[in-house]
Amino acid sequence: MKAIVAAALFALACAAAQAQAPSNPSRLYEDALARFEKKDFPGAIIQLKNALKVDNKNLSVQVLLGRALLANGEVVAAEVALGEALRLGVSRAEVVMPLARALVDQGKQQELLSDPRLAPGGLPPAMQMQMLLMRAGAAADLADSRAALRFIEEARTIDPNIADSWLAEVPIRIRARQPREALAAADKALTMTPRDAEAIYVRGTVSHVLGDTKGALSWYDKTLAQQPTHTEALVSRAGMYFDLGRLDDAERDVTELMRVSRTEPRGAYLKALIAERRGNAAAARSALNEVTALLDPAPPAFLRYRPQLLMLGGLSHYGLKQFEKAKPYLEMIQRLQPNSPVNKLLANIHLKDNNLDRAIESLDNYLRAFPGDGQAVLLLASAHMAQGRYARATQLTQDALKLGDAAGLRTMLGLSLVGSGKLNNAVPELEAAVKKDPGQIQAGSALVTLYLKSGQAARAVRMAELLLKQQPGNAGLHNLLGLSRVAAADAEGGRAAFEQALKIDAAYAAPQIQLARLDAQRAPDAAIARLQAVLAREEKNIEALLALGALAEQRRQLTDAQRWLEKADDLAGPNVVQAGLALVDFHLRHRQLELAREATKRLTTKAPESMDVLLMLARASLAGGDTAGARTTLSRAASLANYDAPLLLNIALMQLQAGHVPGAAHSLDKALSERPDLLAAQAVMADVEVRQGELGKAEARARQLVAKNPKLGVGHGLLGDVALARNQVPAAVEHYRRAYQAEPTSDSLLRLFRVMSSTDAAAANNLVDQWLKQRPKDLLARRALADGFARIGNLSAARQQYETLVKVAPDDAEALNNLANVLLMSKDPGALAMAERAMAKNPGAPHIIGTAGWAAFQAGQSDRALQLLRDARLRDPNNPDTRYFLGAVLASAGRQAEARAELEGALKGGRKFASAADAEQLLRTLK
């Protein structure tokens, strides 16, 4: 009755809240926030849902709703709300930890590992560490100890002096049968926190595993002295007492355990064991029924990654001879731990059911891990004998077969390495396979593809010709030869090979597509017709769809191009990334950043370790301003790139874009150790040395480049960088001028312009003006000129250049945003309209949303300003200007506590930014 009355009162409260709910979403949010802070989670949820009825894209509401639902135990709904907040553009740092908790509470450990939204990269260090340890726990739940340890090591690089990472390592080491490593980790944690009950308990578990009964009991005693209600210590000590035959001591601990937690199934199972040992079958059966009564109602998702509870459920039903009910529990453990001893229990059940094939399957899996288990061998032998396989039963008593080197195994290893993106490691394995057996067509074909990918067209031609000697009638090999010849600049030879492939197999699509690509420039209509003929036969041909997308883009038919690429991506298989890469690349070229992000999510789910996917993900992160995420991705790519010099150079350039200078230096070191003659790598290394302050090294390297390549501008430009770093401005101008004269490019022009601006702004402006007269569509040069005027406060000139830039590139969101800022500084009432235009072009960019919010405030639209600035702050909480703008708006609304928090966040660490002085002054008025 109490429950019914409480529910009725809650329903009335809900109705009252809804009836009295104001319609303004900002006011609803503020009311919900107040309720949340008072732990009135149901009331907060009601108000937040009311706010969403008015504005379902309000980020602040979505984030708070997710947190409130999680606090209220509604984990599925919390996941939905937090996921929607992310989809709308909230900064991951705001929601990633509650979202991860919501997934774990639902048993979605695999999603925790694979969901790119939960990637640690780009999060604040402390949050990265928490997320990495959560991932370690999830990987451990999935029985992937190597991945779990890798996550722990990554967490430790952030802060090795926190005991949590060492405590997390111990159970993983134990599961991996590495007791010495477990002991070292436990001792390390205990050294850091000698009085922590958890650290003491974990140390006891290691002694327990090592068979040190006396030591384990001592540690458990110490744990319980420190924390008498420590559940795990009570369970472990009771179990140990039971094993030692000390039933009274075990029973005492079980009694205390059940007092602390009456719904602890392990306590009930220990009761059953004690009762059985004492010969009380009725009590044992009753206790086992207690276990099953506790576990059977639990959702499978909750039990899914809790092997101890699964084992209790399986053993309890097994002990009750409820084999059909035991089977689901044991099968779930088997999926988590394919080679665990649970296979023997399942085999027994299958044998009782006369399901011999399943029994054999279980025992085969188990014996692969434990070949010396005599009991399992006997079970398996009996199963085979029941099927009349006596020879097989005999074989099970013999030693395992040791496999020697084999070409087929080498091929499979090489192909698996290709699949994981480790191309440099794959090549020697595939070459060894072909050398051992030239008939390994699959290995040779993969080698041709790898040679082409690395620009070794001549080697690709030779390998394709070698393969054709083995199988001259193979149309696929003729197609490979055609690809290789085209790459080697032999288009006519390639065409001949493609046509030969079609003579062998007229319906073969690949050479048709290649011939269409050869015809794309000179006969596009014929190329399209050829591709459409391919699709008429094979409507799901990815290559044909991609080729049609490229032709449509070539003709500036962008809607059609996107449609073809999306169709290709939709039809691509689970491990096929080519279409996804092409789609992301298309979106990035056309600055559709939100669409690019969505496409990269699908790619990373498909092939998280693929080099092509990693580089594309880094490109998308850089385009979206997520430099921290790009750094993490590129570090992973650099480690997988081995010593592939061109690839490492590409990675280093992207690392510099992400501001990761040490990472770029490491990548270039590896590249130059392999290819010291690689000019581009030498040039970029000199740039890195300048950035790191190693000016002597940089100068020496730059002078070597000038001596070896006197007609190129690169060496002179680098000498200019060195001079500028030494504050030798006239010398820098002279070096940059020489670089510009040697190679007049936008880059050399802008480097000269920037340094001239500090000494002779008029001459610098004239230089760019002359350049722009010849090249009026050089947006980089015009933007640099406009930015330069804005920096020196010449708002009129800056406005003129930005307006010209916008006329040339009306879809350039950054130009529109910069013009809006100039209008704001000029007190021009058109600032808001311009900011809205910028936001329409790039609606997800936090700094653009922030500009629009500030412009709205200056225009007197406080509610609109607050909504936009909250949105911008959630998307990028590290932008100090946005936080100042939000603080100013909150202060004007009388929200002084929140305003102080935002202003303090903006000024944290003494950061310098455009509005820093205004922020400091406003903060002083609020204290």
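Residues numbered from 1 in each chain as written. Predicted model: local features only at pLDDT ≥ 70, side-chain atom pairs only at ≥ 80, totals over all residues. Heavy atoms only, no water.

### Here's the deal with the overall build of the chain
And then number 1: Each helix and strand in the chain was counted, giving 55 helices and zero strands.
And then number 2: C-alpha extents for the chain along the principal axes are approximately 100 × 85 × 60 Å.
And then number 3: Residues counted as buried form 49% of the 927 residues belonging to the chain.
And then number 4: Considering only residue pairs separated by 6 or more positions, the chain has 49% of its internal contacts joining residues 24 or more positions apart.
And then number 5: Counting only carbon and sulfur atoms, one obtains 53% of the accessible surface of the chain, whose full area is about 44,500 Å².
And then number 6: Looking at the chain, you have 115 positive and 100 negative side-chain charges, and the mean spots of the two groups are 1 Å apart. (Helix = DSSP H or I, 4+ residues; strand = E, 2+ residues; numbered from the N terminus. Buried < 20%, exposed > 50% of the residue type's maximum accessible area, 1.4 Å probe, protein only. Contact = heavy atoms within 4.5 Å. Areas by Shrake-Rupley, 256 points an atom, 1.4 Å probe, with all protein chains shown as cover. Lys, Arg positive; Asp, Glu negative; His and termini not counted. Charge placed at Lys NZ, Arg CZ, Asp CG, Glu CD.)

### Topic: the packing of helix α10 (residues 163–175) against helix α11 (residues 179–192)
And then number 1: Contact geometry for α10 and α11: axes closest at 8 Å, N-to-C directions at 160°. Classified by the angle between their axes, α10 and α11 sit roughly antiparallel to one another. Note that α10 runs across α11; the crossing there is left-handed. When α10 is examined against α11, the residues Ala-163, Trp-166, Leu-167, Glu-169, Val-170, Arg-173 and Ile-174 are found in contact with a partner set consisting of Glu-181, Ala-182, Ala-185, Ala-186, Lys-188, Ala-189 and Met-192. (Axes fitted to C-alpha atoms, helices over the stretch in contact; angles between N-to-C directions. Parallel < 35°, antiparallel > 145°, perpendicular 65-115°, else oblique. Left-handed = near helix turned anticlockwise from the far one by under 90°.)

### Topic: the packing of aromatic side chains
And then number 1: Evaluation of the coordinates by the stated rule reveals eight aromatic pairs.
And then number 2: The interplanar angle of 70° and the centroid separation of 5.3 Å between the aromatic rings of Tyr-318 and Phe-323 together place this pair among those described as edge-to-face.
And then number 3: Judged by relative accessible area, which is 22%, Phe-323 ranks as partly exposed.
And then number 4: Seen from their ring centres, Trp-854 and Phe-885 are 4.4 Å apart, and the 15° between their planes marks the pair as stacked. In this pair, Trp-854 is assigned in helix α51 (residues 846–858) and Phe-885 in helix α53 (residues 880–892), connecting sequence segments 31 residues apart. One exposure class covers both Trp-854 and Phe-885, and it is buried.
And then number 5: Among the aromatic residues, ring-to-ring pairing joins Trp-854, Phe-857, Tyr-884 and Phe-885 into one connected group. (Phe/Tyr/Trp six-rings, centres within 6.5 Å; stacked < 30°, edge-to-face > 60°.)

### Some details on the pattern of salt bridges
And then number 1: Applying the stated criterion across every chain, the model contains 58 salt bridges.
And then number 2: Among the salt bridges present, the one from Arg-563 reaches Asp-560, with a minimum N-O distance of 3.4 Å. Of this pair, Arg-563 and Asp-560 both sit in helix α34 (residues 558–571), separated by three residues, roughly a single helical turn.
And then number 3: Residue Arg-563 is classed as partly exposed on the basis of its relative accessible area, which comes to 45%.
And then number 4: The exposure class of Asp-560 is partly exposed, given its relative accessible area of 29%.
And then number 5: Each member of the salt-bridge network shares a partner with another, and the members are Glu-30, Arg-870, Arg-895 and Glu-898. (Salt bridge = Lys/Arg side-chain N within 4 Å of Asp/Glu carboxyl O.)

### Here we look at the nonpolar core
And then number 1: Formed by 69 residues in total, the largest nonpolar core has its most connected members in Leu-752, Ala-781, Tyr-802, Trp-854, Tyr-884 and Phe-913.
And then number 2: At eight residues, the largest contribution of residues to this core is made by helix α49 (residues 813–825).
And then number 3: For Tyr-884, the residues in contact, after removing those within four places along its chain, are Trp-854, Leu-903, Ala-906, Phe-913, Ser-915, Asp-918, Ala-919 and Leu-922.
And then number 4: Core analysis: the next-biggest nonpolar cluster, separate from the first, contains 37 residues, Ala-527, Ile-542, Ala-596 and Met-616 among them. (Core = buried A, V, L, I, M, F, W, Y, C linked by side-chain atoms within 4.5 Å.)

### Considering the environment of Leu-780
And then number 1: On the secondary structure map, Leu-780 appears in helix α47 (residues 779–791).
And then number 2: Taking the C-alpha atoms as reference points, Leu-780 and Thr-449, 331 residues apart in sequence, are found 37 Å from one another.

### Notes on the environment of Leu-363
And then number 1: Residue position: Leu-363 is located in helix α22 (residues 356–369).
And then number 2: Among the residues examined, Leu-363 registers a relative accessible area of 0% and is labelled buried.

### As for empty space enclosed by the protein
And then number 1: Scanning the model with the defined rule gives one cavity of 30 Å³ or more in all.
And then number 2: Of the pockets and cavities examined, the largest cavity occupies roughly 30 Å³.
And then number 3: Elements with a contribution of two residues or more to the lining of the largest cavity: α8 (125–141) and α10.
And then number 4: When residues of the lining of the largest cavity are assigned to their parent elements, the largest contribution, three residues, is made by α10.
And then number 5: In terms of residue class, the lining of the largest cavity is built from five nonpolar, one polar and two charged. (1 Å grid on protein atoms, 1.4 Å probe; cavity = no way out; pocket = protein on both sides within 12 Å on 5 of 7 lines; lining within 4 Å. Points joined across faces, edges and corners; volume = space filled by probe spheres on them. Nonpolar A, V, L, I, M, F, W, Y, C, P; charged D, E, K, R; others polar.)

### Quick notes on the side chain of Gln-106
And then number 1: Within the secondary structure layout, Gln-106 lies in the loop between α6 (92–105) and α7 (109–114).
And then number 2: A polar side-chain atom of Gln-106 sits 3.1 Å from the main-chain carbonyl oxygen of Ala-102.
And then number 3: Within the structure, the side chain of Gln-106 is placed 3.4 Å from the side chain of Lys-108, a separation counted as a polar contact. (Polar contact = N/O pair within 3.5 Å; in protein donor to acceptor, adjacent residues only side chain to side chain.)

### Let's talk about unusual backbone geometry
And then number 1: Positive phi is not limited to glycine here, since Ala-489 has a value of about 65°.
And then number 2: Turning to its location among the elements, Ala-489 is positioned in the loop between α29 (475–487) and α30 (491–504).
And then number 3: Looking at Ala-489, the relative accessible area reads 72%, which means it is exposed.
And then number 4: Its identity is not glycine, yet Arg-556 carries a phi of approximately 65°, on the positive side.
And then number 5: Mapped onto the elements of the fold, Arg-556 is located in the loop between α33 (542–554) and α34.

### As for helix α52 (residues 862–875)
And then number 1: Compared with the 20 Å implied by 1.5 Å per residue over 14 residues, the 20 Å span of α52 between its first and last C-alpha is a close match.
And then number 2: Most of α52 sits out of view: ten of its 14 residues are buried.
And then number 3: Every buried residue of α52 is accounted for by Ala-865, Leu-866, Leu-868, Leu-869, Arg-870, Asp-871, Ala-872, Arg-873, Leu-874 and Arg-875. (Expected span 1.5 Å × (residues − 1).)

### Let's talk about helix α19 (residues 307–319)
One full turn of an α-helix is made of 3.6 residues, so residues set three or four places apart face in the same direction.
And then number 1: Over its 13 residues, α19 extends 18 Å from the first C-alpha to the last, a length consistent with the 18 Å expected when each residue adds 1.5 Å.
And then number 2: Considered for burial, the residues of α19 that qualify are Pro-307, Leu-309, Leu-310, Leu-312, Gly-313, Gly-314, Ser-316 and His-317.
And then number 3: Remark: Lys-321 follows α19 within two positions and exhibits a positive phi of approximately 60°.

### Some details on the side chain of Arg-266
And then number 1: By the secondary structure assignment, Arg-266 is in helix α16 (residues 265–277).
And then number 2: The buried category is assigned to Arg-266, whose relative accessible area is 9%.
And then number 3: At 2.8 Å, the side chain of Arg-266 forms a polar contact with the side chain of Glu-232.
And then number 4: Setting aside chain neighbours within four positions, we find Arg-266 in contact with Thr-231, Glu-232, Val-235, Gln-308 and Leu-312.

### Quick word on the packing of α49 against helix α50 (residues 831–841)
And then number 1: For the pair α49 and α50, interaxial distance at closest approach is 8 Å and the crossing angle is 160°. Considering their axes alone, α49 and α50 lie roughly antiparallel with respect to each other. The element α49 and its partner α50 pack so that their crossing is left-handed. For the pair formed by α49 and α50, the contact residues are Ala-813, Leu-816, Asn-817, Leu-819, Ala-820, Leu-823 and Leu-824 on the first element and Ala-831, Met-834, Ala-835, Arg-837, Ala-838 and Lys-841 on the second.
And then number 2: Grouping the constituent residues of the contact of α49 with α50 by class yields ten nonpolar, one polar and two charged.

### Some remarks on the environment of Ala-369
And then number 1: Along the chain, the position of Ala-369 falls in helix α22.
And then number 2: The spatial distance from the C-alpha of Ala-369 to the C-alpha of Gln-109 is 25 Å, given a sequence separation of 260 residues.

### Remarks on the confidence of the model for the chain
And then number 1: When the pLDDT values of the chain are averaged, the result is 84; 91% of them are 70 or greater.
And then number 2: Taking the mean pLDDT of every element in the chain, the minimum, 35, falls on helix α1 (residues 2–20) and the maximum, 94, on helix α13 (residues 213–226).
And then number 3: Residue range residues 1–22 is modelled with pLDDT below 50. Its contacts to residues more than four positions away, or to other chains, number 13 contacts.
And then number 4: Every residue in residues 390–406 scores below 50 in pLDDT, and together they form 14 contacts with partners more than four places removed in sequence or on other chains. (pLDDT = per-residue confidence, 0-100.)

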